[in-house]
Amino acid sequence: MSQSKGGRGGAAAKGKKPGKSGGEEKRDDALQAVVIADDFRTRFLPFSLDKPRCLLPLANAPLIEYTLEFLAMNDVQEVYIYCGAHHEQIEHYIHNSRWSPISHSCPFTTLDFIRVADARSVGDFLRDLDTRNIIGGDFVLVHGDLVSNLSLAGALAAHKARREANRDSCMTMVLREAGQEDHRTKSKTTTPVFVVDPRKNRCLHYGEMTPLQTDHYINLDPTVLEGSEVEVRSDLIDPQIDICTPDVLALWSESFDYETPRANFLHGVLKDWELNGKFIHTEIVDQGYCARATSLQIYDAITRDVQGRWAYPFTPDCNLLKGQTYQLLDDDVYQEDDVFIDEDSIIKDAIVGQGTNVGFDSVIRNSTIGRNCKIGNSVRITNSFIWDGAEIDDGAVVEHAVIGDAAYVGKGVTVHEGALVSNGVRIGEKSNIGASTVLSLLAHDRKPLESQSQVVGAEGKGAIFRYPEEDDAGEEDLARLENPLIYSLEQFDLEGSSVSSFSSSIDDSDDDSEPATSVQNQDMGRSRLSSFASDDSGAPNFSSFHADAVHGLLEVLRGSVGDFDSEKLEFTSLRLANNASDVAMRKAVATAFVRRAVELVNAESSGLEPAKAVKEALTSREGAVAFVSDVGVGGDDVKEQLEFALAVQRACVSTVKVIDVAKAGNILAAMLQQMYEHDILEEEGLLAWWEDARGQEGEDMPVVRAKCKPLIEWLENAEEESDDSDDD
């Protein structure tokens, strides 16, 4: 890690700081931090059964490495780590890393571990901390799954100024503004809602909303709205970075009902502020990166951000760990030394760890491969996480899944989207692991599971994992939503209401409801009342991405701005910012090129025939063909080509409002033929598209598709002639 980032260099250069002279010197000169290494949740099961979550790899570095780097770069001097499950592994890891208290490279003057044998919640940890008398002043409270490059200098200064002005100001929460649109690291499962006085940055109320609620509102005490200005914010990322005074620990100790930092503690303290007299403030920033890997879904998102350099300087090639040798190579591949990749294999947008071997004719895209992994011949890995020592044998396919440490995926196995294959599991050859299947060697109580040969094959080892039941029905549903790798509401029976309401705890007919009305009449440039709108479908809103992406591509196609090299960077950035799916990307690319062809056909004075218009759209600008191939199609797989051809067909159908359906069909036929001639689409992909039933849905799809029949017949005849030639 670079020594020049933030305040990191100074702290590291000083090494061990000498002990303070005189026991009476104020201890709050040293900035302290408390790291919660266990939050007692099930979100990383079954992987966390035999390894603590803070040591699970994110971009091939343990999560806690990012947390400790964040503290070091903000000049924290004393660190106390509260360990829960697997405390011995955490202590062993730290003592053998550069963070060891006896290491000269450790930037902290103190790094201690605290164990609480009977702890069942974060609240138990903090109540224990209150009894130890080791916190001498302000301290930073974080979790061991935090990834952040934020500087806390401004927040610490503002917190100190408030505390000096009013000793009852006890905590400052650092929050990141993310906007109303979908953001990769904004949780889709639990939306935090902060009610804030923007003049004083004081938090007045905290609530949470989930897609599982029948009604989408929060209850407010009317007194909260008595101020002249109030903002209701649901557009914030909460990394749970809290700057606290010792009074915070006393508040935890006053109520043994508090178990979680936000839903229990924050909500309760704000609700009873007239009794406790304490004030909690916010520091809302709009620059920098911060997120907690609170679930596999967010873990997935943060990994993409680290890989995409959004969390800079936390990138794979910063080489967080001693001995790491990552370099950024072509095709956005981060690769360590001592990696063998057969020249016939394709690797793009990936991280590949030391000692890994990739056989011939394999394809790895948008994936992280750990150290000492064995990837066989003709393997396909997409959007997946392969951890250290795993082996993926010949002909296997892994699609958007997690394969744990030392797991084995046999020959010809298919692991479908959302599957979790825990540490040490072995899947026998030609097994088919269904979508969202979870396999483990251990039950949730850590007892060995009897292998299920019908699932993992006769030679396999492992069984279906069952999550533990939650005490509360609401928590059970939320766990079912948050535990999977892929977010989906399909398993829930939700009512279709998307109406959000703003409710106080008094009856609507009461005259005292006036404050709520005054809030709604405030300047909406500052108010965030609109943030209560929700989408019960749970589906991301990509309308903004689609419009911006299509507009940008059309500008380049028209020659108005730039070129396709720069547009590729812009398009990728836009996709990351909106967390757009592969489907949304295909749709945007297909729509832009079809619209450009339609523009050329409909030009008033120089309208072109569809075939010429398509050729002009696809070939007149340098780099256009490569852009469609790399970004629109995204690979050589038949499935990817099928999906892009279908996206082009749908884009052509959408133009029948401005051109007749026959011309739309001619444009489709010409587009597919040009893409075939330029090796964007191959014969197998086009024939697969022709056979796909989705191409004949609706009224216009079959009509537009019919114009392509001569092309398909020509391809089929060419294939037959090729087969006959081979037979001869």
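In this text the structure is predicted, and so the values were computed from the model without any measurement. (Residues numbered from 1 in each chain as written. Predicted model: local features only at pLDDT ≥ 70, side-chain atom pairs only at ≥ 80, totals over all residues. Heavy atoms only, no water.)

Participant: Please clarify how the sheet that holds strand 22 (residues 374-375) should be interpreted in this entry.
Facilitator: Strand pairing in a sheet relies on backbone hydrogen bonds, with the paired strands running either antiparallel or parallel. The strand order 18-20-22-25-28-31 describes an open sheet built from six strands, whose pairing is parallel. Strand pairing shows two members of the sheet lacking a second neighbour, strand 18 (340-341) and strand 31 (426-427), which therefore form its edges. In this sheet, strand 20 (residues 357-358) lies alongside strand 18 in parallel orientation, the contact comprising two bridges. Note on strand 20: the bridge partner recorded for Phe 340 is Asn 357. (Pairing = 2+ DSSP bridges. Helix = DSSP H or I, 4+ residues; strand = E, 2+ residues; numbered from the N terminus.)

Participant: Is there a simple way to explain the state of the cysteines in this structure?
Facilitator: Covalent bonding between the sulfur atoms of two cysteines defines a disulfide. According to the stated counting rule, one finds zero disulfides in the structure shown. As a non-bridged cysteine, Cys 83 has Cys 54 as the owner of its nearest cysteine sulfur, 6.9 Å distant. A disulfide-free cysteine, Cys 244 has its sulfur positioned 7.7 Å from the sulfur of Cys 170, the nearest such atom. (Disulfide = S-S within 2.5 Å.)

Participant: Even after reading the chapter, I still don't get the packing of aromatic side chains, so can you show me in this structure?
Facilitator: Taken as a whole and assessed by the stated rule, the structure comprises 19 aromatic pairs. Seen in terms of ring centroids, Tyr 82 and Phe 125 are 5.0 Å apart; in terms of plane orientation they differ by 40°. Their pairing is tilted. One end of the pair, Tyr 82, is in strand 4 (residues 78-83); the other, Phe 125, is in helix 4 (residues 122-132), and 43 residues separate them in sequence. According to the relative accessible area criterion, Tyr 82 is buried, its value standing at 0%. Note on Phe 571 and Phe 627: the rings are 5.6 Å apart at their centroids and 90° apart in plane angle, and the pair reads as edge-to-face. With a gap of 56 residues between them, Phe 571 in helix 14 (residues 564-578) and Phe 627 in helix 17 (residues 624-633) connect regions that are remote in the sequence. Like Phe 571, the residue Phe 627 is buried in the burial classification. (Phe/Tyr/Trp six-rings, centres within 6.5 Å; stacked < 30°, edge-to-face > 60°. Buried < 20%, exposed > 50% of the residue type's maximum accessible area, 1.4 Å probe, protein only.)

Participant: Teacher, can you tell me more about the environment of Ala 718 here?
Facilitator: Note on placement: Ala 718 falls in helix 22 (residues 709-727). The exposure class of Ala 718 is partly exposed, given its relative accessible area of 26%. Separated by 35 residues in sequence, Ala 718 and Glu 683 place their C-alpha atoms 9.6 Å apart.

Participant: When you look at the side chain of Asp 128 in this model, what are you seeing that I'm missing?
Facilitator: Within the fold, Asp 128 resides in helix 4. On the basis of relative accessibility, which here comes to 17%, the residue Asp 128 falls in the buried class. Reaching out from Asp 128, the side chain makes a polar contact with the side chain of Arg 132 at a distance of 2.5 Å. Contact partners of Asp 128, with chain neighbours within four places excluded, come to Tyr 82, Ile 114 and Val 116. (Polar contact = N/O pair within 3.5 Å; in protein donor to acceptor, adjacent residues only side chain to side chain. Contact = heavy atoms within 4.5 Å.)

Participant: Sorry if this is basic, but what is going on with the environment of Arg 163 here?
Facilitator: Checked against the element boundaries, Arg 163 lands in helix 5 (residues 153-165). Judged by its relative accessible area of 12%, Arg 163 is buried. C-alpha separation for the pair Arg 163 and Asp 138, spaced 25 residues apart in sequence, amounts to 9.8 Å. Each residue touching Arg 163, except ones within four places of it in the same chain, is listed here: Asp 138, Ser 169 and Thr 245.

Participant: Mind showing me how you'd approach the pattern of salt bridges here?
Facilitator: A full pass over the atoms with the stated rule returns 32 salt bridges. Among the salt bridges present, the one from Glu 599 reaches Arg 558, with a minimum N-O distance of 2.4 Å. A residue pair is termed long-range when its members are at least 10 positions apart, and Glu 599 in helix 15 (residues 582-602) and Arg 558 in the loop between helix 13 (543-557) and helix 14 qualify at 41 residues. Relative accessible area serves as the criterion here: at 29%, Glu 599 is assigned to the partly exposed category. A salt bridge links Asp 630 to Lys 568; its shortest N-O distance comes to 3.8 Å. Note that Asp 630 is positioned in helix 17 and Lys 568 in helix 14, a separation of 62 residues in sequence. Judged by its relative accessible area of 37%, Asp 630 falls in the partly exposed class. By sharing partners, the salt bridges in this structure join Asp 39, Arg 53, Asp 145 and Arg 292 into a single network. (Salt bridge = Lys/Arg side-chain N within 4 Å of Asp/Glu carboxyl O.)

Participant: Would you mind going over empty space enclosed by the protein with me for this structure?
Facilitator: The gaps left among the atoms become clear once a water-sized probe is rolled over them. According to the stated counting rule, one finds four cavities of 30 Å³ or more in the structure shown. Considering only enclosed or pocket space, the largest cavity measures out at about 50 Å³ in volume. Every residue along the wall of the largest cavity is listed here: Ala 59, Ala 61, Tyr 66, Phe 314, Thr 315, Pro 316, Cys 318, Asn 319, Leu 320, Gln 324 and Tyr 326. Residues of the lining of the largest cavity, tallied by class, amount to eight nonpolar, three polar and no charged. (1 Å grid on protein atoms, 1.4 Å probe; cavity = no way out; pocket = protein on both sides within 12 Å on 5 of 7 lines; lining within 4 Å. Points joined across faces, edges and corners; volume = space filled by probe spheres on them. Nonpolar A, V, L, I, M, F, W, Y, C, P; charged D, E, K, R; others polar.)

Participant: In this structure, what is going on with the nonpolar core? I would like to understand it.
Facilitator: One recurring pattern in soluble globular proteins is that nonpolar side chains are buried together. With 62 residues, the main nonpolar core has Phe 571, Phe 593 and Trp 689 as its most contacted residues. For this core, the element with the highest residue contribution is helix 15, accounting for 12 residues. Setting aside residues up to four positions removed in sequence, Phe 593 forms contacts with Leu 557, Phe 564, Ala 617, Leu 618, Ala 624, Phe 627, Val 628 and Met 671. (Core = buried A, V, L, I, M, F, W, Y, C linked by side-chain atoms within 4.5 Å.)

Participant: When you look at the packing of helix 16 (residues 610-619) against helix 19 (residues 661-677) in this model, what are you seeing that I'm missing?
Facilitator: The relative placement of two packed helices comes down to the angle between their axes together with the axis-to-axis distance. The interhelical angle for the contact between helix 16 and helix 19, taken along N-to-C directions, is 45°, at an axis separation of 9 Å. As summarised for this structure, helix 16 and helix 19 are arranged oblique, according to the angle between their axes. The chirality of how helix 16 crosses helix 19 is right-handed. On helix 19, the residues that touch Pro 610, Ala 611, Val 614, Lys 615, Leu 618 and Thr 619 of helix 16 are Asn 666, Ile 667, Ala 670, Met 671, Gln 674 and Met 675. When its residues are assigned to classes, the contact of helix 16 with helix 19 shows eight nonpolar, three polar and one charged. (Axes fitted to C-alpha atoms, helices over the stretch in contact; angles between N-to-C directions. Parallel < 35°, antiparallel > 145°, perpendicular 65-115°, else oblique. Left-handed = near helix turned anticlockwise from the far one by under 90°.)

Participant: Hey, could you run me through the packing of helix 15 against helix 16 in this one?
Facilitator: Remark: helix 15 packs on helix 16, axes separated minimally by 8 Å, with the N-to-C direction vectors making an angle of 130°. For the element pair helix 15 / helix 16, the angle class is oblique. Seen from above, helix 15 lies across helix 16 with right-handed handedness. From helix 15, Phe 593, Arg 596, Ala 597, Leu 600 and Val 601 reach across to helix 16, where they touch Pro 610, Ala 613, Val 614, Glu 616, Ala 617 and Leu 618.

Participant: Help me understand unusual backbone geometry, please; the structure alone is not making it clear to me.
Facilitator: The phi angle of most residues is negative, glycine excepted, and most peptide bonds adopt the trans form. In this structure, the amide linkage connecting Leu 45 to the following residue, Pro 46, adopts the cis form with an omega of 0°. Among the secondary structure elements, Pro 46 is positioned in the loop between strand 1 (32-36) and strand 2 (57-58). Each neighbour pair has its own omega, and for Tyr 312 with Pro 313 the value is 10°, a cis peptide bond. By secondary structure assignment, the location of Pro 313 is in the loop between helix 9 (296-307) and strand 16 (327-329).

Function-wise, these values are silent; they only describe arrangement.
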